[in-house]
Number of protein chains: 2
Amino acid sequence: MTGSGGGQTIDSMVTTDLLEHELLRGGHRITEPRRRLLSSIQAMGDHFTAEGLAAASPGVGRATVFRTLKLLQEVEAVCQVVLDDGTLQYRLTPNNAGHHHHIVCSRCGAVNDFASCDIQGLLAELARRTGYDIETHRLEVYGRCSECREELGRA
Amino acid sequence: MTGSGGGQTIDSMVTTDLLEHELLRGGHRITEPRRRLLSSIQAMGDHFTAEGLAAASPGVGRATVFRTLKLLQEVEAVCQVVLDDGTLQYRLTPNNAGHHHHIVCSRCGAVNDFASCDIQGLLAELARRTGYDIETHRLEVYGRCSECREELGRA
DNA sequence: TTCTATGCAAATGGTTTGCAGTCTA
DNA sequence: TAGACTGCAAACCATTTGCATAGAA
């Protein structure tokens, strides 16, 4: 269950391997606690909190959780998701995708990504109007995922 | 200096009055500490931090700063700005504008608003593709304001 | 063996809460 | 006067840091 072979889907195996690979590429070591964290991360699916990750990885110190999380961010293996209420969640970066955004379910917390950045036009005009040299942007979309909509509809 | 008459511009006076008005409309009282905070807020211009507001309002307790800040947010008189690094800033809501976004200078921290939400098309397609019922979104743009660009260019 | 990574616990930064006293409407 | 508001200090929560130890290369 915690190993990297088990009954996992090919996707999750690849994901874990990718994570380890990213760490190695960044010049970091693959240690037991890190392996456990990576495993927990992919077991938790599309989104997780630092707190949840710590809870799902007993025996791993809190500091290590945060240190590893920061490492994974540097290596761009995971990214932060800003929730509606300002809370932070984390998410596996999809296939090392570079720039992308999140659409978050405000009920169940599910996170999906989208890369289509049709705001380039908007940004260009914004740059023209404000005189800014635009570097980046942060776009998070909030709503109800289809599952939650169904559940609510039934209730 | 702390009063509402002083050498202030008409704009800032109006702003302060608007703030007081919003508080009243929300069923809240206008007290001395609050008056001081409102005054500090408009004196600080387009953006400020809780910390800065507290510093600019000596004699007003930290708790009151945060309580008032929360109040002003509820009344939609000020809004939060998420900085590049995840830090929070606050900003006067421009003319009670409803939905709007921020463009933040990553060097000097200046904040400007823009309301042009040309992402409706993007959001619509996103809704279609993901099955989400989209409620809101958060868009923050980061870059260098024209002044900072000039300064850097000169250096 | 060397140097990175870990765990613990204490420190931190930012924000919130409890409470008795103060002030506004 | 009644109840909202305040200041203080303590409580909180999430994250970070110091340090001695354990582990990977």
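Reference entry: report on the structure contained in this document. Predicted, not measured: the structure shown is a model, and the values here were computed from it.

### What about the protein's contact with DNA strand C?
Moving on, step 1. Around DNA strand C sit 18 residues, and of these T31, G59, T64 and R67 of chain A together with R29 of chain B come closest.
Moving on, step 2. For DNA strand C, the backbone makes up 67% of the atoms found within 4 Å of the protein, where backbone means sugar plus phosphate.
Moving on, step 3. Interatomic distance of 3.3 Å between a side-chain N/O atom of R34 of chain A and a phosphate oxygen of DNA strand C.
Moving on, step 4. Separating a phosphate oxygen of DNA strand C from a backbone N or O atom of G59 of chain A is a distance of 3.0 Å.
Moving on, step 5. Counting residues per element, the ones that place at least two in the surface near DNA strand C are α2 (32-43) and α4 (62-74) of chain A together with α4 (62-74) of chain B.
Moving on, step 6. Among the elements that line the surface near DNA strand C, the one with the most residues is α4 of chain B, at 4 residues.
Moving on, step 7. Residues belonging to the surface near DNA strand C are distributed by class as follows: 7 nonpolar, 5 polar and 6 charged.

### Brief notes about the packing of aromatic side chains
Residue and element names in this part refer to chain A.
Moving on, step 1. With the rule as written, the count across this model stands at 2 aromatic pairs over all chains.
Moving on, step 2. Their ring planes at 25 degrees and their centres at 6.0 Å tell us that F48 and Y90 sit as a pair that is stacked. Remark: Y90 occurs in strand β2 (residues 88-92) and F48 occurs in the loop between α2 and α3 (50-55); sequence separation between them is 42 residues.
Moving on, step 3. Residue class for Y90 comes out buried when judged on its relative accessible area of 8%.

### Looking at the environment of G98 of chain A
All names here are of chain A.
Moving on, step 1. Here G98 is to be found in the loop between β2 and β3 (101-105).
Moving on, step 2. Take G98: its relative accessible area is 52%, and that puts it in the exposed class.
Moving on, step 3. Residues G98 and D85, spaced 13 residues apart in sequence, show a C-alpha to C-alpha distance of 25 Å.

### Here we look at the interface of chain A and chain B
Moving on, step 1. Between chain A and chain B, the residue contacts involve 37 residues of the former and 36 residues of the latter.
Moving on, step 2. Together, the buried faces of chain A and chain B total about 3100 Å²; carbon and sulfur atoms form 57% of this surface.
Moving on, step 3. Taken as a group, L122, Y132 and R138 of chain A account for 25% of the area that chain A buries against chain B, more than any other trio of residues on that side.
Moving on, step 4. At the junction of chain A and chain B, the tally comes to 2 salt bridges.
Moving on, step 5. In this structure, the salt-bridge partner of R144 of chain B is E135 of chain A, at a minimum N-O distance of 3.1 Å.
Moving on, step 6. Put simply, chain A and chain B have 24 residue pairs in polar contact (both at pLDDT 80 or more) between them.
Moving on, step 7. Those elements that provide at least two residues to the side of chain A that touches chain B are β3, β4 (111-114), α5 (120-130), β5 (133-144) and α6 (146-154) of chain A.
Moving on, step 8. It is β5 of chain A that provides the largest number of residues to the side of chain A that touches chain B, a total of 12 residues.

### A word on helix α2 (residues 32-43) of chain B
One full turn of an α-helix is made of 3.6 residues, so residues set three or four places apart face in the same direction.
All names here are of chain B.
Moving on, step 1. With 12 residues, α2 should cover 16 Å at 1.5 Å per step; its first-to-last C-alpha distance of 16 Å lies within 8% of that length.
Moving on, step 2. Restricting attention to buried positions, one finds in α2 the residues L37, L38, S39, S40, I41 and Q42.
Moving on, step 3. Among the residues trailing α2, G45 stands out with phi positive, at a value near 80 degrees.

Conventions adopted
Residues numbered from 1 in each chain as written. Chains lettered and ligands numbered in written order. Predicted model: local features only at pLDDT ≥ 70, side-chain atom pairs only at ≥ 80, totals over all residues. Heavy atoms only, no water. Near = heavy atom within 4 Å. Polar contact = N/O pair within 3.5 Å; in protein donor to acceptor, adjacent residues only side chain to side chain. Helix = DSSP H or I, 4+ residues; strand = E, 2+ residues; numbered from the N terminus. Nonpolar A, V, L, I, M, F, W, Y, C, P; charged D, E, K, R; others polar. Phe/Tyr/Trp six-rings, centres within 6.5 Å; stacked < 30°, edge-to-face > 60°. Buried < 20%, exposed > 50% of the residue type's maximum accessible area, 1.4 Å probe, protein only. Contact = heavy atoms within 4.5 Å. Buried area = accessible area lost by both parts, 1.4 Å probe. Salt bridge = Lys/Arg side-chain N within 4 Å of Asp/Glu carboxyl O. Expected span 1.5 Å × (residues − 1).

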